[in-house]
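# Chains, contacts and geometry: an overview
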Amino acid sequence: MRAAIRIAGWSIVAAAGMLPAAAAVSAPAVVRIAAFNCSLNRATEGALRRDLSTPDDPQARAVAEIIQRVRPDILLLQEFDYDAAGVALRDFQANYLARAQAGAAPIAFAHSFFAESNTGISSGFDLDDDGRVAGGADALGFGEFPGQYAMALLTRFPVDARGVRTFRKFLWRDMPRRLLPDRRETPPAEDWYSAEELAVLPLSSKSHWDVPVRIGSVTLHVLASHPTPPAFDGEEDRNGLRNHDEIRFWSDYLDGARYARDDAGARRAFGGRRFIVMGDQNSDPEDGGSRHDAIRALLANPRIDARFVPASDGGSEAAAQGGANATQRGDPRFDTADFNDRIAGNLRVDYLLPSKTMRVCGGGVFWPARSAPEAHLVWGDRPAPSSDHRLVWLDVSVSGAKCPPGSDPKASARQHPHRRRRRARSSS
Ligand SMILES: [Ca+2]
Ligand SMILES: [Ca+2]
Ligand SMILES: [Ca+2]
Ligand SMILES: [Ca+2]
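Residues numbered from 1 in each chain as written. Chains lettered and ligands numbered in written order. Predicted model: local features only at pLDDT ≥ 70, side-chain atom pairs only at ≥ 80, totals over all residues. Heavy atoms only, no water.

## Details of the coordination of the calcium ion (ligand 3)
The expected angle between donors at a tetrahedral four-coordinate metal is 109.5 degrees. At an octahedral six-coordinate metal it is 90 or 180 degrees. Cut-off, in case you're wondering: Because water is not among the atoms used, a metal site may look incomplete, as its donors are only the N, O and S atoms within 2.8 Å, or 3.2 Å for Na, K and Ca. Geometry assignment treats four donors as tetrahedral when all angles are between 85 and 135 degrees, treats four as square planar and six as octahedral when opposite donors are over 155 degrees apart and all others between 65 and 115, and treats everything else as irregular.
Bound to the calcium ion (ligand 3) on the protein side are Q321 (OE1), D338 (OD), F339 (O), D341 (OD), D341 (OD) and N346 (OD1), at distances that span 2.2 to 2.7 Å. Classification of the site at the calcium ion (ligand 3) as irregular follows from its six donor atoms and the range of 50 to 170 degrees in their angles at the metal. For the calcium ion (ligand 3), the single-chain donor residues occur in sequence as Q-x16-D-F-x1-D-x4-N.

In structure tokens:
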């Protein structure tokens, strides 16, 4: 039995009769955190709910099997169509995750968080300048109906509902040093959008969430967002610029900026000690059509430990698809999405970026080699059997304590020397 608690416009679905937070789940030494753009979006409103109302949707089964194979404790799903009552998310758990897929053990998450998305909500303006007010590109975030391509968080650990902040409504024009698109033919700079349009256009194409998760006695802030793809526009690059600023939001947030009013009206600096920036940023640091400086700055943020990069064998193998892949600079082992090779090629766009206050013990990208037993879950003709993105995971010692034996040696080998150096410095 589950109860939906609605607070200030967003909902939390929690197991009824839940124990107090600290008693619910004791803190494990290592927590597995995953981000998965699972492509559980549909062309029309209600279609995902219909597909998930039975246990038979082949794509949802493949997505669920991947989750059951990796077995994360905290999982961010992206491109998961929103419905206000959380029916699709509940049915995905009951009809897919709770059922063994191809022999994999069922998996349950006691807690979840989801909220409205700007996608598909009409702006009332002709934002893409095609002469009419209609279609996904005129919405507050690209989408054909409200909540298409939304996101949802599933977690074994309780969400601190009162500590949640969302930044769905924060206006792009109110971001300092924002990069607004320009219409080259007309004199003022940055005039692609009118003042009236800028008065309604949010920064976030879906939403930006700060969701505190209580893991035993410590709090982990999940910082989740899904910036718009830097494509599907013209030379004004309105989506590329928005993608850049949506990513830059987190750099500013971690740096203590207080310009952003959250959806409850509060402006205050981020005070979290442990956090993980996660999700599909739609930007590769080396390749593809995004403005790379925002993602590079985030990767280099002094509070983030981005040294360990999740990788896969399948990503390497998929680079042989050719096209754009042939001229890319990034290591294909780090790719997390299998895009059209005539346009973008395969890219690293899905991230888990933990705070330095924790310790990375391992991780990976679920992209098995073509000869591996689980290959059928990701390899295949378009559309892919599960998603065009791959699940990315990280094993994290949230307390910062040493990784237990059996952790990924590559990760711990990189962690230990740094730790020793830091200790040496602080004791001198
Ligand atoms: Ca239009
Ligand atoms: Ca202009
Ligand atoms: Ca490809
Ligand atoms: Ca690549």
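That was the structure; now back to the text.
## Brief notes about the coordination of the calcium ion (ligand 2)
Selection criterion: The buried label goes to any residue with under 20% of its type's maximum accessible area, the exposed label to any with over 50%, and the partly exposed label to all in between, with areas taken from a 1.4 Å probe on protein chains only.
Here the calcium ion (ligand 2) is held by D182 (OD), R183 (O), T186 (O), P188 (O), D191 (OD) and D191 (OD), and the distances to it run 2.3 to 3.1 Å. Geometry at the calcium ion (ligand 2) is irregular, judged from its six donor atoms and the angles of 44 to 168 degrees they form at the metal. Look at where the donors of the calcium ion (ligand 2) fall in the sequence and you get D-R-x2-T-x1-P-x2-D. Classification of P188 as partly exposed rests on a relative accessible area of 46%. A relative accessible area of 16% places D191 in the buried class.

## Considering the pattern of salt bridges
The line we're drawing: Should a side-chain nitrogen of Lys or Arg be within 4 Å of a carboxyl oxygen of Asp or Glu, the pair is scored as a salt bridge. Helix numbering and strand numbering both begin at the N terminus, where a helix is a DSSP run of H or I of at least 4 residues and a strand a DSSP run of E of at least 2.
Counted under the stated rule, the structure contains 20 salt bridges. Residue E236 pairs with R238 through a salt bridge whose shortest N-O separation is 2.7 Å. Two residues, E286 and R329, come together in a salt bridge whose shortest N-O distance is 3.1 Å. Here the residue E286 occupies a position in the loop between β10 (275-280) and α7 (292-299), and R329 occupies one in the loop between α8 (313-318) and β11 (350-354), the gap between them amounting to 43 residues. Using a relative accessible area of 64% as the deciding quantity, one classes R329 as exposed.

## Observations regarding the pairing of β11
Condition: Only strands that DSSP links by at least two bridges are regarded as paired with each other.
By the criterion of burial, β11 is predominantly enclosed, with five of the five residues buried. In β11, alternate side chains face the same way, and those of D350, L352 and P354 on one face and Y351 and L353 on the other are all buried. Strand direction decides the pairing type here: β10 and β11, joined by five bridges, are antiparallel. In the sheet register, D280 faces β11, and the bridge partner there is D350.

## Thoughts on the nonpolar core
Put simply, the rule reads: The term nonpolar core refers to a set of buried residues drawn from Ala, Val, Leu, Ile, Met, Phe, Trp, Tyr and Cys, joined through side-chain atoms within 4.5 Å. Pairs of residues are marked as contacts when any of their non-hydrogen atoms sit within 4.5 Å.
Core analysis: the largest hydrophobic core is formed by 68 residues, its most contacted members being I67, I74, L77, F80, F92 and L391. F92 has contacts with L40, L52, A60, V63, A64, I67, L77, F80 and L97, leaving out every residue within four places of it along the chain. Of all hydrophobic cores here, the second largest spans 31 residues; its members include F167, Y193, L223 and V277.

## Remarks on the confidence of the model for the protein chain
Rules: Across the chain, each position has a pLDDT score giving the predictor's confidence in that residue, from 0 to 100.
Confidence in the prediction for the protein chain averages 91 pLDDT; 89% of positions are at 70 or higher. Low confidence marks residues 1-23, where pLDDT is under 50. Its contacts with residues over four positions away, or in another chain, come to 45 contacts. Ignoring residues within four places in sequence, the model shows residues 411-428, a span with pLDDT below 50, making 17 contacts including any to other chains.

## Focus: helix α4 (residues 87-97)
With respect to burial, α4 is a largely interior element, eight of its 11 residues being buried. Residues of α4 that are buried include every one of A88, L89, D91, F92, Q93, N95, Y96 and L97, and no others.

## Here we look at the sheet that holds strand β9 (residues 218-224)
The five strands are arranged β7-β8-β9-β10-β11 in an open sheet whose pairing can be described as mixed. For this open sheet the edge positions go to β7 (165-166) and β11, each flanked by a neighbour on one side alone. Relative to β10, β9 is paired through four bridges, and the arrangement is parallel. Residue pairing in the sheet places V222 in a bridge with I276 of β10.

## A word on the packing of helix α6 (residues 238-254) against α7
To be explicit about the condition: Lines are fitted to the C-alpha atoms to define the axes, a helix being fitted only along its stretch in contact, and any angle between axes, read from their N-to-C directions, falls within 0 to 180 degrees. Any angle between 65 and 115 degrees counts as roughly perpendicular, while under 35 counts as roughly parallel, over 145 as roughly antiparallel, and the rest as oblique. Here is the rule for handedness: rotate from the far helix to the near one, and if that takes an anticlockwise turn smaller than a right angle the crossing is left-handed, while a clockwise turn gives right-handed. Under the scheme applied, nonpolar residues are Ala, Val, Leu, Ile, Met, Phe, Trp, Tyr, Cys and Pro; charged residues are Asp, Glu, Lys and Arg; polar residues are all the others, including Gly.
At their nearest, the axes of α6 and α7 sit 8 Å apart, and the two run at 25 degrees to each other. In terms of their interaxial angle, α6 and α7 are classed as roughly parallel. In this structure, α6 crosses over α7, and the sense of that crossing is left-handed. Two secondary-structure elements touch here, α6 through H244, I247, R248, W250, S251 and L254 and α7 through D293, A294, I295, A297 and L298. The residue makeup of the contact of α6 with α7, split by class, is seven nonpolar, two polar and two charged.

## Digging into unusual backbone geometry
Here the phi dihedral of A102 falls at roughly 50 degrees; this positive angle occurs in a residue that is not glycine. With respect to the helices and strands, the residue A102 is situated in the loop between α4 and β5 (111-114). Residue class for A102 comes out exposed when judged on its relative accessible area of 54%. At E190, a residue that is not glycine, the phi angle is positive and equals roughly 55 degrees. Take E190: it is sitting in the loop between β7 and α5 (195-198).

## Focus on the packing of aromatic side chains
Within a pair of aromatic rings, the relevant descriptors are the distance that separates the centres and the angle that separates the planes. Put simply, the rule is: Classification of ring pairs uses Phe, Tyr and Trp, with its six-membered ring standing for Trp, and accepts pairs whose centres are within 6.5 Å; under 30 degrees between planes counts as stacked, over 60 as edge-to-face, and the remaining range as tilted.
Following the criterion strictly, the structure yields 16 aromatic pairs and no others. Between F249 and Y253 the ring centres are 5.8 Å apart and the planes differ by 20 degrees, which places this aromatic pair in the stacked class. In this pair, F249 and Y253 both sit in helix α6, four residues apart, roughly one turn of the helix. Each member of the pair, F249 together with Y253, is buried. Taken together, a centroid distance of 6.0 Å and an interplanar angle of 75 degrees make the contact between F270 and F275 edge-to-face. Across the pair, exposure class does not vary: F270 and F275 are buried alike. Linked through ring pairs, F167, F170, F249, W250, Y253, Y259, F270 and F275 together constitute an aromatic cluster.

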